[in-house]
Every structure is written in structure tokens, then in C-alpha cells.
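Residue-level listing of the chains:
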Amino acid sequence: EPEVTQTPSHQVTQMGQEVILRCVPISNHLYFYWYRQILGQKVEFLVSFYNNEISEKSEIFDDQFSVERPDGSNFTLKIRSTKLEDSAMYFCASKEHVRSSYNSPLHFGNGTRLTVT
Amino acid sequence: GQQVMQIPQYQHVQEGEDFTTYCNSSTTLSNIQWYKQRPGGHPVFLIQLVKSGEVKKQKRLTFQFGEAKKNSSLHITATQTTDVGTYFCAGLGGSYIPTFGRGTSLIVHP
């Protein structure tokens, strides 16, 4: 079964450094998402991406965050200047389509655990 | 914005006991999805409910969507140790972006 893949699985960085988290969504999916989960807490929406542009973003997704789809397969999340509170598990997800009568489920990757020291 | 509340946060049960988690939305939903996250894993889709009052079953799991499409529940009959994990509801409104509840962590004692 096709999977969403994320790299790296674990990233340790110093406060103020830039990090890029990488994701390869499922190939025939059209909608891409980044969520994050602080240890033991809920899964929080960051941003959605469709047709090569951001379709929606949350309050968490401020100017230090950006997303890109640099080629036909990769989907990246960049955090420009990391803060201690950015430490979390970052999940990439993709879904096939959106219809009013049925919404495709999200397929999540295994996540990147970001630790900011 | 849309908020999804889920209770309880944790539930300890003896193997064989039943388990229920409840989900409430501040707004009427178009549909609701349920996900399971095993310890150290990622959320995995279980099911989606679309219609008002809908009930769906997957073996020992029963999912309900309220008549007003603002609440939902997941009930597991006769829990097993393989049921351990965190169960999330995710509500979808007009934007079709799932908003996750806090999750209920199920701990099953053998």
C-alpha cells in the first residue's frame, strides 16, 4: 500500500537555526498538510497546500514557517529560526480529494521529531 | 474557529471491559473522522461518518454520529491489549480540514 514518507525521523537543532522537514506524499494525492503534535497533546493543524499554493493556514503558521513543493514529489516545511517551543513531532499528511459528500481520509507519514535545544 | 472537545483524556480498563470516548464540536460538522495512534506511531484512519444519526461498526468498534452532527462517540466492546493507543476524533466543517480533538488514551490492563 502506498505510504507518505518523511525524513529525517529525528532532527536536533539549536535555537535560531533553520530546519527543513521533508515529505513525499502519496503520488496520486492532491492535498497536502502539515500537522504538529507536542508530546502527549493533540494533533494541531499548521497548513494545507493544494494546486501549488497554500489553501489554508492556522495561527501557529506564522512568518517563520514556509512550505514548498519544489518538484513533483517532495513537499517541505521550513522553519526559519527555530524556538524552543517548536519542539514537537511534525506530521505530513496527504489526501486524495475533497467532495461535499465524502472526504478522503488523511494519510499520515511517520513524522519527524524536532528537538530544539 | 471550530473547536473539537474529546473526553476522557485517559481511560484505564481491564482487558475484556468496554470503553467509550466522546467527541463534541462547537459547530455543526459536515462529517467526522476517527483515527487511532499507537504509542510512538502516527494517526491511522479508522472510519468516517457523514449522515446525521449514522452508526457504523467495525468488529468490536461502534461509531456514532449525533442527530445534530455536533457530537460523536466510539465504543469498543470487550477491549483487548491490541486496542491500546490514542483515539482521535477529527471534525470537518466547511473548509474540509480535519480539526482534531485532544484524543483519548486507552490503557488496557491484562
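Rules used in this analysis
- Residues numbered from 1 in each chain as written.
- Chains lettered and ligands numbered in written order.
- Predicted model: local features only at pLDDT ≥ 70, side-chain atom pairs only at ≥ 80, totals over all residues.
- Heavy atoms only, no water.
- Helix = DSSP H or I, 4+ residues; strand = E, 2+ residues; numbered from the N terminus.
- Rg over C-alpha atoms; globule rule 2.2 N^0.38 Å.
- Buried < 20%, exposed > 50% of the residue type's maximum accessible area, 1.4 Å probe, protein only.
- Contact = heavy atoms within 4.5 Å.
- Lys, Arg positive; Asp, Glu negative; His and termini not counted.
- Charge placed at Lys NZ, Arg CZ, Asp CG, Glu CD.
- Buried area = accessible area lost by both parts, 1.4 Å probe.
- Polar contact = N/O pair within 3.5 Å; in protein donor to acceptor, adjacent residues only side chain to side chain.
- Nonpolar A, V, L, I, M, F, W, Y, C, P; charged D, E, K, R; others polar.
- pLDDT = per-residue confidence, 0-100.
- Disulfide = S-S within 2.5 Å.
- Phe/Tyr/Trp six-rings, centres within 6.5 Å; stacked < 30°, edge-to-face > 60°.

Caption draft 1: Quick peek at the overall build of chain B. The helix and strand tally for chain B stands at 0 helices and 11 strands. In chain B, the succession of helices and strands from N to C terminus is β-β-β-β-β-β-β-β-β-β-β. Its C-alpha atoms give chain B a radius of gyration of 13 Å, near enough to 13 Å, the size a compact globule of 110 residues would have. Judged by the C-alpha coordinates and their principal axes, chain B covers about 40 × 25 × 20 Å. Residue burial in chain B is summarised as follows: out of 110 residues, 49% are buried. Within chain B, counting contacts between residues at least 6 apart in sequence, those at least 24 apart form 54% of the total. Charge separation in chain B, taken as the distance between the mean sites of 10 positive and 6 negative side-chain charges, equals 9 Å.

Caption draft 2: The arrangement of the interface of chain A and chain B in detail. The interface is formed by 23 residues belonging to chain A together with 19 residues belonging to chain B. Summed over both sides, the interface of chain A with chain B buries roughly 1700 Å², with 57% coming from carbon and sulfur. Looking only at chain A, the three residues that lose the most surface to chain B are Lys42, Asn103 and Phe108 of chain A, adding up to 28% of its buried area. Put simply, chain A and chain B have 5 residue pairs in polar contact (both at pLDDT 80 or more) between them. Tallied by class, residues from the side of chain A that touches chain B come to 10 nonpolar, 9 polar and 4 charged.

Caption draft 3: Main features of the side chain of Ser58 of chain A. All names here are of chain A. As for its placement among the helices and strands, Ser58 is situated in the loop between strand S6 (53-57) and strand S7 (65-68). Among the residues examined, Ser58 registers a relative accessible area of 18% and is labelled buried. Once you skip the residues sitting within four places of it in the chain, Ser58 turns out to touch Phe45 and Leu46.

Caption draft 4: Seen up close, the confidence of the model for chain A. Mean pLDDT over chain A: 92, with 96% of residues reaching 70 or higher. When pLDDT is averaged over each helix and strand of chain A, the minimum, 93, is found for S6 of chain A and the maximum, 98, for strand S2 (residues 10-13) of chain A.

Caption draft 5: Representation of the state of the cysteines. In total, this model carries 2 disulfides over all chains according to the counting rule given. At a sulfur-sulfur separation of 1.9 Å, the disulfide partner of Cys23 of chain A is Cys92 of chain A. Taking the torsion about the sulfur-sulfur bond, which here is approximately -65°, the covalent link between Cys23 of chain A and Cys92 of chain A counts as left-handed. Of the two residues, Cys23 of chain A is situated in strand S3 (residues 19-24) and Cys92 of chain A in strand S9 (residues 88-95); the sequence distance between them amounts to 69 residues. Its relative accessible area of 1% is what places Cys23 of chain A among the buried residues. One disulfide bridge connects Cys23 of chain B with Cys89 of chain B, the sulfur atoms lying 2.0 Å from each other. The disulfide joining Cys23 of chain B to Cys89 of chain B has a torsion of about 75° about its S-S bond and is therefore right-handed. On the criterion of sequence distance, the pair formed by Cys23 of chain B in strand S3 (residues 19-25) and Cys89 of chain B in strand S9 (residues 85-92) is long-range, its members being 66 residues apart.

Caption draft 6: Spotlight on the packing of aromatic side chains. Per the stated rule, a full pass over the model turns up 17 aromatic pairs over all chains. Note on Phe88 of chain B and Phe100 of chain B: the rings are 6.0 Å apart at their centroids and 75° apart in plane angle, and the pair reads as edge-to-face. With Phe88 of chain B in strand S9 and Phe100 of chain B in strand S10 (residues 99-100), the pair connects residues that are 12 residues apart, well separated along the chain. Each of the two residues, Phe88 of chain B as well as Phe100 of chain B, counts as buried. These aromatic residues form a ring-pair network of at least three members: Tyr33, Tyr35, Phe45, Phe91 and Phe108 of chain A together with Tyr35, Phe45, Phe88 and Phe100 of chain B.

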